[in-house]
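# Breakdown of the fold
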Amino acid sequence: MRMKRKLLCAFALCFLSVSALADVPDETERLVVYTSHKEEVYQPIVEEFERRTGVWVQVVSGGTTELLERIAAEAETPVADVMFGGGVESLLAYEDYFMPCDAPRDAMLAECRFENHRFVAFSRLPLAIIYNPRLVSRPPAGFADLLDDGLRGQIAFANPAVSGSSFTVLATLMQALDDENALVRFADNVRGHELSGSGAVVSTVAAGEMRVGVALYETAKKRMLAGEHIAVIWPKEGTSAVPDGAAVLAGCAHEENAQAFISFILSEDVQRRVETVYARESVLTALGTGDGAPTFELCDYDIDWAAANQRTFWCAGRRSWREKRHERKEGHAFSNAHFSDGDLRGACADHPVLCAAAPDDGFHQREAAGGNGAGAARRNDPAAYGDVF
């Protein structure tokens, strides 16, 4: 009897081991994606890609800067196959770690093709001025109005050292106005009132805690549709619509699947979802100029300049925060650490407007609160999902 029990146990263990091994896909059916998108954006896309292709996708989520720095650190033996998310100026700054993408560039809007680059645009993200109509009877007409002394302490704005979209706001404001004093005057208006992240900009204005702000149209549109007290103005000077993008990592282990993923996110199915579900603007010519697309003028936004300065700007911000961390007061959201004159001028030496910035520019550093899920992996069973789109 004991012998039979031992044999049954051994058989059960072997069966379980074989079942577990059978659940592990072959290397040719794998894909590792680093993404800075929110789960509500990436998860349906990943699930549908798995359902259609049978490829097993592992997702690692985190902030754009964090993931790009991780890609740089892992360059000799890449862990990821795809970087999905991050503004194209951020991807351009790390382009040496990518390989050419298979993309239908001829079917894309001219300003989104990036034909000589190793990344692709995924969606367009125009910036808009937002305001609370309950508090503001005469809304700003453009970026120049945000420099008015009457708005001091009333502009919702996140620290650009931790928020990529806030850096884009600064770069857009400076290039749209072409005013050497613009950065200093804007910094005076937001001094001491910087928010912890770009996600707080719309919430702060909607709650009436501040009167105006600059935000991605995507975020503002969703909140307006939800009935919140937000209204949008397209700046009279023009605005930027810097796309976010994706790239295949050089030397990645699953190149064929990575290229298939790039083609998938640029398919009409996904791009239609970009417009109808995510409230973004498609990069495809067939969709990006439809009747539902917002009408706005673009300023002359120099993505190459932004890319050349953004990585240094982030590094300068983090260095300044570390050096001044001991000055932080308990209970305060922001430390007293400012970008030093050398940091800001060093980061922006090629731009006459940024070079004119005062050393005490008002962009305080904030300690990152908690984790953001980086390093968390997930897998989906393709058979478990029905039609997602």
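Quick summary incoming for the structure in this document. Small disclaimer: the values here were computed from a predicted structure and weren't measured. (Residues numbered from 1 in each chain as written. Predicted model: local features only at pLDDT ≥ 70, side-chain atom pairs only at ≥ 80, totals over all residues. Heavy atoms only, no water.)

### Thoughts on the pattern of salt bridges
Under the criterion given, the structure shown has 14 salt bridges. For Asp188, the salt bridge identified is with Arg191, shortest N-O distance 2.4 Å. Under the relative-accessibility criterion, Asp188 is labelled partly exposed at 24%. Look at Arg191 and you get partly exposed, because its relative accessible area is 28%. With its nearest N and O atoms 2.6 Å apart, the salt bridge here joins Arg280 to Asp244. Pair noted here: Arg280 is in the loop between helix H10 (268–276) and strand S11 (281–282) and Asp244 is in strand S10 (residues 244–249), with a separation of 36 residues, a long-range link. In terms of burial, Arg280 and Asp244 fall into one category: buried. One salt-bridge network, in which partners are shared between bridges, spans Glu48, Arg51, Arg52, Glu268, Asp269 and Arg272. (Salt bridge = Lys/Arg side-chain N within 4 Å of Asp/Glu carboxyl O. Buried < 20%, exposed > 50% of the residue type's maximum accessible area, 1.4 Å probe, protein only. Helix = DSSP H or I, 4+ residues; strand = E, 2+ residues; numbered from the N terminus.)

### Some thoughts on the pairing of strand S1 (residues 30–35)
By the criterion of burial, S1 is predominantly enclosed, with 6 of the 6 residues buried. With 6 bridges joining them, S1 and strand S2 (residues 56–61) adopt parallel strand pairing. Considered in S2, the bridge of Thr35 is made with Ser61. Note that the unit made of S1, helix H2 (residues 39–53) and S2 has a crossover that is right-handed. Taken together, the 3 bridges between S1 and strand S3 (residues 82–87) define a ladder with parallel strand orientation. Pairing of Tyr34 across the sheet is with Met83, part of S3. (Pairing = 2+ DSSP bridges. Right-handed = clockwise from strand over helix to strand, strands pointing away.)

### Remarks on unusual backbone geometry
For Phe114, which is not glycine, the phi dihedral falls at a positive 45°. Positionally, Phe114 belongs in the loop between strand S4 (98–99) and strand S5 (120–124). Within the chain, Asp178 stands out as a residue other than glycine whose phi angle is a positive 50°. For Asp178, the position within the fold is in the loop between helix H5 (164–177) and helix H6 (182–190).

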